[in-house]
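A closer look at the structure
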Protein chains: 4
Amino acid sequence: MADAGRPLVETLTSDAEIALHFSAEAELSAMQTFEVALAQSQGALGTLSSAAVQAVDDRAGPSFRPSLDEMARGFARDGVVVPALVVALRKAVGEEHGASVHLGATSQDAIDTGLMLRLKAVFQILDRRLGTLLGQLEALAAEQGELFLMAQTRMQAALPFTVADKIVTWTRPLQSHRARLARLAGDMPLQLGGPVGTGASFGPAYASLRADLAQRLVLHDAPPWHSDRTVILDIAQGLALVAGTLGKIGQDVALMAQTEVAAIRLSGGGGSSAMAHKQNPVGAEVLVALGRLCAGLSGTLAQSMIHENERSGAAWTLEWVLLPQIAEAAGAGLAIADRLVSGARFADVSKA
Amino acid sequence: MADAGRPLVETLTSDAEIALHFSAEAELSAMQTFEVALAQSQGALGTLSSAAVQAVDDRAGPSFRPSLDEMARGFARDGVVVPALVVALRKAVGEEHGASVHLGATSQDAIDTGLMLRLKAVFQILDRRLGTLLGQLEALAAEQGELFLMAQTRMQAALPFTVADKIVTWTRPLQSHRARLARLAGDMPLQLGGPVGTGASFGPAYASLRADLAQRLVLHDAPPWHSDRTVILDIAQGLALVAGTLGKIGQDVALMAQTEVAAIRLSGGGGSSAMAHKQNPVGAEVLVALGRLCAGLSGTLAQSMIHENERSGAAWTLEWVLLPQIAEAAGAGLAIADRLVSGARFADVSKA
Amino acid sequence: MADAGRPLVETLTSDAEIALHFSAEAELSAMQTFEVALAQSQGALGTLSSAAVQAVDDRAGPSFRPSLDEMARGFARDGVVVPALVVALRKAVGEEHGASVHLGATSQDAIDTGLMLRLKAVFQILDRRLGTLLGQLEALAAEQGELFLMAQTRMQAALPFTVADKIVTWTRPLQSHRARLARLAGDMPLQLGGPVGTGASFGPAYASLRADLAQRLVLHDAPPWHSDRTVILDIAQGLALVAGTLGKIGQDVALMAQTEVAAIRLSGGGGSSAMAHKQNPVGAEVLVALGRLCAGLSGTLAQSMIHENERSGAAWTLEWVLLPQIAEAAGAGLAIADRLVSGARFADVSKA
Amino acid sequence: MADAGRPLVETLTSDAEIALHFSAEAELSAMQTFEVALAQSQGALGTLSSAAVQAVDDRAGPSFRPSLDEMARGFARDGVVVPALVVALRKAVGEEHGASVHLGATSQDAIDTGLMLRLKAVFQILDRRLGTLLGQLEALAAEQGELFLMAQTRMQAALPFTVADKIVTWTRPLQSHRARLARLAGDMPLQLGGPVGTGASFGPAYASLRADLAQRLVLHDAPPWHSDRTVILDIAQGLALVAGTLGKIGQDVALMAQTEVAAIRLSGGGGSSAMAHKQNPVGAEVLVALGRLCAGLSGTLAQSMIHENERSGAAWTLEWVLLPQIAEAAGAGLAIADRLVSGARFADVSKA
């Protein structure tokens, strides 16, 4: 559960299930999936012999695990892992068919496509959790929806409405974000452009190759987007919207749980080292923190739009540092929100 | 042209045509459009008498111009202009029918709906400018597209490609952003929820009223989004993507126009006070600045997702300060890019 | 009071007194101050004849007002106003001594030095306002300091303390920021480096010239900082700390003023267009918005650290757009805080 | 070297030596240092018996290692580790003297003070690395300083200057940042305020206790800063300035290393998976990324200024997530810059 080498705060703000898809192992594995599928597509289109495809399939696929230290050394040297990975894969495939690995491709093809494959898996996790959270909120609305609650505008009591009215202000954006994530997951694009993004290195069958490969990897066939990071920004926006809405829910809960307001009760809340009577709304606070974090991180990520010419190592590195954090924060937020809502009950003020 | 009271930098970074729609006058006028249309819809549904509707229509519409000083005093006092505006409109409409103005509505209904009406106009300007810029880029591609150009990856010469290959990396995202802005403009939602966003203040005909009013204002009928600012964030994202892509184009141009690279020539470039031989790529630099600015501003805007309970004055104010700037920056960027591209010619390196 | 052409929100978030120092007129005037003082220093060191100095002093000083339209056209063309300004000043000085204007200097010398001169004036305004606000807070502590108040930690009632204990958490950082601003104002550095920041264009007397000019302009003598924007970031940090602390005070006040908490009463608070009973804590909310705004703007400004080589037009433009906003937000915050505190009284809970 | 469970990009952007001080183990250990020293101070002032102090010293100090899983469970429950840690420490100390642990203190006292202790160690590492890097740059200036180099302003060749002139634009801000970090390290303040930051829980000897404890921990004696995060923002600013200046150096190097400019040669540069002739300026690019990252992260961190009342769990969590990243990025940047500079040589253009 706890990692002695990481900050304690990650106990709450990290997300092991999401993080798995941003691990070195997952990165390498997804790139290998790309490389094998590329060879298969090139085989299907007659660019590679079936023997070559077979060799790549057998020896460069999941059964082959490149040395992580070697890969890290390659990354440190080249700023990307692909050159080292391709060397390792070619060696694994053997002299005869080694050159059939990564044929016509460039690092970015493997990296961006691999990222899309991993993000699809991440979005599945988020979709499942959003489903669970929405279920919880609907159950809470079913149980307590008719209770009265004081609506608050501009930090002042406004007019009474119902718990159901409140909950719908949470579920409506979450449902819309869930639909957005599903749309984004269904549109994750293949990246295949070769060294300078023109596809020329793949020869005359480039268009067919891209279509075949996209279908094989269940990605969207799209022209190269090597220097246009709109896809990444839209994904980050989808994640930041989830975290932002959860932050808004956390803020609402923390405000309603204030001692003097007492409109909601939380279970399992946080103890204090100095004041035994206190029950701190820990989950609600962390949701606010994660929402503010993702807002800031996504604005910083947007700096990577300004990609120098055909490929920017600087913009790319910035992207790689930030996107996993945004995804983990959205994921951690959903896990926290789930626990928060499951332990929350609105006060029955009609009895008061 | 120049405003003595504003910073000189606004000569390049502001956009008078866009700014017009974020002026106090435009804000008030759009809110009056909302108030009149609301009365008309209430009349159509039988909530208001035709005499009342007529009175509102005649006296609260564009022919009535509230005192700006009065409105500013109201804003300073209330943090929103609507209470002062409603007082002024009711007085203008007269004692008999004054109460028919703003019936059942809350400030946010007028403000958010008015904003959507104004943003539609802003998006039309941007669409027109994107069309012009894309036309320029296509003309440039037609004229010079076959010239060779050195593709640059990671700040190093990579492989030659053509000017057409380069230009398509600019037009593709711009076309996609243009389509996005058109989609956003077509989806601008009505805001109508009353004091706490439940619509209860509009009575049993709320759903019909909302549908009628949306149609009347040519907005999208949508449930209240008073505390869910996804709409605003998506609009900001659309604008920041335009500014970001223009920033990327500016960065490319500045890199290609370097003395030692000389892959592109710019006309009308900037003089230096100390070095007469210099031609600074002013427009390209300003595009980079505007791209970075919008990235940062949109990340800051995302902080306003965390809306306390049913309405947050803090989150709202943040939104109001930032959104006009983001729109102006996108608009100014398009104007600058247009001048930059019209004066740019790629070098014919085949002759070198 | 109100400007029909600007957004209504600026009624609260802009600051006319501060804005004056960021106006085109103030920019030009400060640059003229630099140019005249430079000639005087060059005269004192024997580089210019006394006749030349006299001519510059007489005709390039405050009595000469360059055409604003001409300056704006120059800015639009060159991305800086200095080339156009120098042409105008040289023309005003006349053929014989015109070349004595801006001798050896570069645009950045005039721009950065002019900015420092204007910021000193801005910091004086802020210092005065901080003094007034601290006085108000001390008076409030003197009047109500002994009242009990519930301290709140993590959004929960913690233990009672006193109003004086609360107020000291506001005054302590404000005093420290005031001292910081005074320190920064006393350290505002001269910029004098010539075209590429080596001072070579000023000849062998460069060191003496810089010292003389710094003394004349009451600025700190410092080596060129043309591509090192630490000075700007420290100034922005000073301003953002003021806005951030005011945001914290605003947040505290909004929380204490909640209907259910009622620990503080505000006067003159904001009306609602739909709920006559409401008193919104407008000033407190705007302080929160300005604090969050400045946090975001200062993070965006920090992107301008990455200054390409000896001078970056992109980084510079970003700086010019952001710094005035940060200063105005800090200024507006102080004006709002002053009104907020003057109308605030803590509840006497001992009576409850 | 490589961690299979972390993103590959961390090979370049993380910093194991710095990270060690932000690990759960380091956090706990620093808090234990605080708790033991607090008991010692209370002993010195006669609040605790020497037997109690002895017991705490013997059993709550470094020889006691609390169960990490228990601590993580505590953190997840309470949003801070201190309640669980205090329980564990009191149990370790034993029934008789257990209550002498954390006497009068609150979680924040242990957390903030512990952070200051760890940051002092981090700043020592950074100081050492800054010294090494400055040494490298001075050696390079000594070796190549007299070579000519084309100064570049606004992305255009300006005038020739020397390599020494260039290097001084890098060393000057680095020296100033080094002095700033030393100043910050010397000023790291003790946090000791008790539950609501008034010190009341420590009794009448509070002032003496704070002075004694500060001296014991070699920290600066300061009034409580529990809800005023200026200290944290100044530390982050110091770190972001380092990263920003390194980003500027990286940008300069990447621009000078461009194929067409060739003003600097880099060794050990990055290979490409598709273009064997390429040498990518990996280190320089990563420095730009880290500079932009820290700018954004520090702007996001500044949101935590808006601390609700006497203690904000949300603002705190945000701080805890961001500060370690900013420190690691500054540290990683220094390590990368060191390798970059050691392998860089300016071209001798006088021979060209």
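Further up the page is the structure itself.
Parameters at a glance
Residues numbered from 1 in each chain as written. Chains lettered and ligands numbered in written order. Predicted model: local features only at pLDDT ≥ 70, side-chain atom pairs only at ≥ 80, totals over all residues. Heavy atoms only, no water. Helix = DSSP H or I, 4+ residues; strand = E, 2+ residues; numbered from the N terminus. Buried < 20%, exposed > 50% of the residue type's maximum accessible area, 1.4 Å probe, protein only. Areas by Shrake-Rupley, 256 points an atom, 1.4 Å probe, with all protein chains shown as cover. Lys, Arg positive; Asp, Glu negative; His and termini not counted. Charge placed at Lys NZ, Arg CZ, Asp CG, Glu CD. Phe/Tyr/Trp six-rings, centres within 6.5 Å; stacked < 30°, edge-to-face > 60°. Expected span 1.5 Å × (residues − 1). Least-squares fit on C-alpha atoms with pLDDT ≥ 70 in both. Contact = heavy atoms within 4.5 Å. Buried area = accessible area lost by both parts, 1.4 Å probe. Salt bridge = Lys/Arg side-chain N within 4 Å of Asp/Glu carboxyl O. Polar contact = N/O pair within 3.5 Å; in protein donor to acceptor, adjacent residues only side chain to side chain. Nonpolar A, V, L, I, M, F, W, Y, C, P; charged D, E, K, R; others polar. Pairing = 2+ DSSP bridges. Axes fitted to C-alpha atoms, helices over the stretch in contact; angles between N-to-C directions. Parallel < 35°, antiparallel > 145°, perpendicular 65-115°, else oblique. Left-handed = near helix turned anticlockwise from the far one by under 90°.

Considering the overall build of chain A
Secondary structure summary: chain A contains twelve helices and four strands in total. Dimensions along the principal axes, computed over C-alpha positions, put chain A at roughly 80 × 40 × 35 Å. When each of the 352 residues of chain A is scored for burial, the buried share is 66%. As displayed, chain A has an accessible area near 11,200 Å², and 54% of this comes from carbon and sulfur atoms. On chain A, the mean spot of the 28 positive side-chain charges and the mean spot of the 35 negative ones are 5 Å from each other.

Some remarks on the packing of aromatic side chains
Applying the stated rule across the entire model yields 16 aromatic pairs over all chains. With 5.9 Å between their ring centres and 10° between their planes, Phe202(C) and Tyr206(C) make a pair best called stacked. The exposure classification of Phe202(C) matches that of Tyr206(C), with both residues buried. Feature note: the residues Phe75(A), Trp316(A) and Trp320(A) constitute an aromatic cluster, connected by ring pairs.

Observations regarding helix H3 (residues 24-44) of chain D
All names here are of chain D. Taking 1.5 Å per residue as the helical rise, H3 with its 21 residues ought to reach 30 Å, and the 30 Å between its terminal C-alpha atoms agrees with that figure. Among the 21 residues that make up H3, 15 are buried, leaving the element largely enclosed by the rest of the structure. Gly46, located one to two residues past H3, shows a positive phi value of around 85°.

Focus on the relation of the copies chain B and chain A
Mapping chain B onto chain A is achieved by rotating through 180° and translating by 0.0 Å along the same axis, at an RMSD of 0.0 Å. Both chain copies can therefore be described as sitting about a two-fold axis. Taking C-alpha positions as reference, the residue of chain B nearest the rotation axis is Gly299(B), located at 1.8 Å. In this assembly the copies share their binding face: 98% of the residues contributing to the interface of chain B also contribute to that of chain A.

Some points on the interface of chain A and chain D
On the chain D side, the residues contacting the 64 residues of chain A number 63 residues. Carbon and sulfur atoms make up 69% of the surface buried where chain A meets chain D, a total of about 5,200 Å² over both sides. For the pair chain A and chain D, the number of links is zero salt bridges. Applying the counting rule to chain A against chain D returns eleven residue pairs in polar contact (both at pLDDT 80 or more). Mapped by element, the contributors of at least two residues to the side of chain A that touches chain D are helix H1 (10-13), helix H3 (24-44), helix H5 (68-78), helix H6 (82-93), helix H11 (282-301) and helix H12 (313-342) of chain A. Per-element accounting of the side of chain A that touches chain D gives the leading share, ten residues, to H11(A). Taken together, the residues of the side of chain A that touches chain D sort by class into 32 nonpolar, 20 polar and twelve charged.

Observations regarding the pairing of strand S2 (residues 156-162) of chain B
Residue and element names in this part refer to chain B. Among the seven residues of S2, five are classified as buried, and the element is accordingly described as predominantly covered. Strand direction decides the pairing type here: strand S1 (residues 148-153) and S2, joined by five bridges, are antiparallel. Across the sheet, Thr153 pairs through a bridge with Gln156, a residue of S2. The hairpin formed by S1 and S2 contains two residues between the paired strands, and Arg154 there has a positive phi angle of roughly 50°.

With respect to the packing of helix H4 (residues 50-60) of chain D against helix H6 (residues 82-93) of chain D
Residue and element names in this part refer to chain D. In contact at an axis separation of 9 Å, H4 and H6 are set at 110° when each is read in the N-to-C sense. Of the possible angle classes, the one that applies to H4 and H6 is roughly perpendicular. Of the two elements, H4 crosses H6, and the hand of that crossing is right-handed. From H4, Ala55, Val56, Arg59 and Ala60 reach across to H6, where they touch Leu89, Ala92 and Val93. Grouping the amino acids of the contact of H4 with H6 by side-chain chemistry returns six nonpolar, no polar and one charged.

Remarks on the relation of the copies chain A and chain D
For the pair chain A and chain D, the relating rotation is 180°, the translation along its axis is 0.0 Å, and the fit reaches an RMSD of 0.0 Å. Comparing interface residues between copies, 98% of those in chain A also lie at the interface in chain D; the contact surface is shared.

A look at the packing of helix H3 (residues 24-44) of chain B against helix H4 (residues 50-60) of chain B
All names here are of chain B. One can describe the packing of H3 onto H4 by two numbers: an axis separation of 9 Å at closest approach and a directional angle of 165°. Between H3 and H4, the interaxial angle falls into the category roughly antiparallel. The crossing of H3 and H4 is left-handed. Two secondary-structure elements touch here, H3 through Gln32, Glu35, Val36, Ala39, Gln40 and Gly43 and H4 through Val53, Val56, Asp57 and Ala60. Along the lines of polarity and charge, the residues of the contact of H3 with H4 split into five nonpolar, three polar and two charged.

Structural notes on the interface of chain B and chain A
Contact residues are listed per partner, giving 56 residues for chain B and 55 residues for chain A. When chain B packs against chain A, the two sides together hide about 4,800 Å² of surface, and 56% of this comes from carbon and sulfur. For the interface between chain B and chain A, the tally reads four salt bridges. Here Lys166(A) makes a salt bridge to Glu310(B), at a shortest N to O gap of 2.8 Å.

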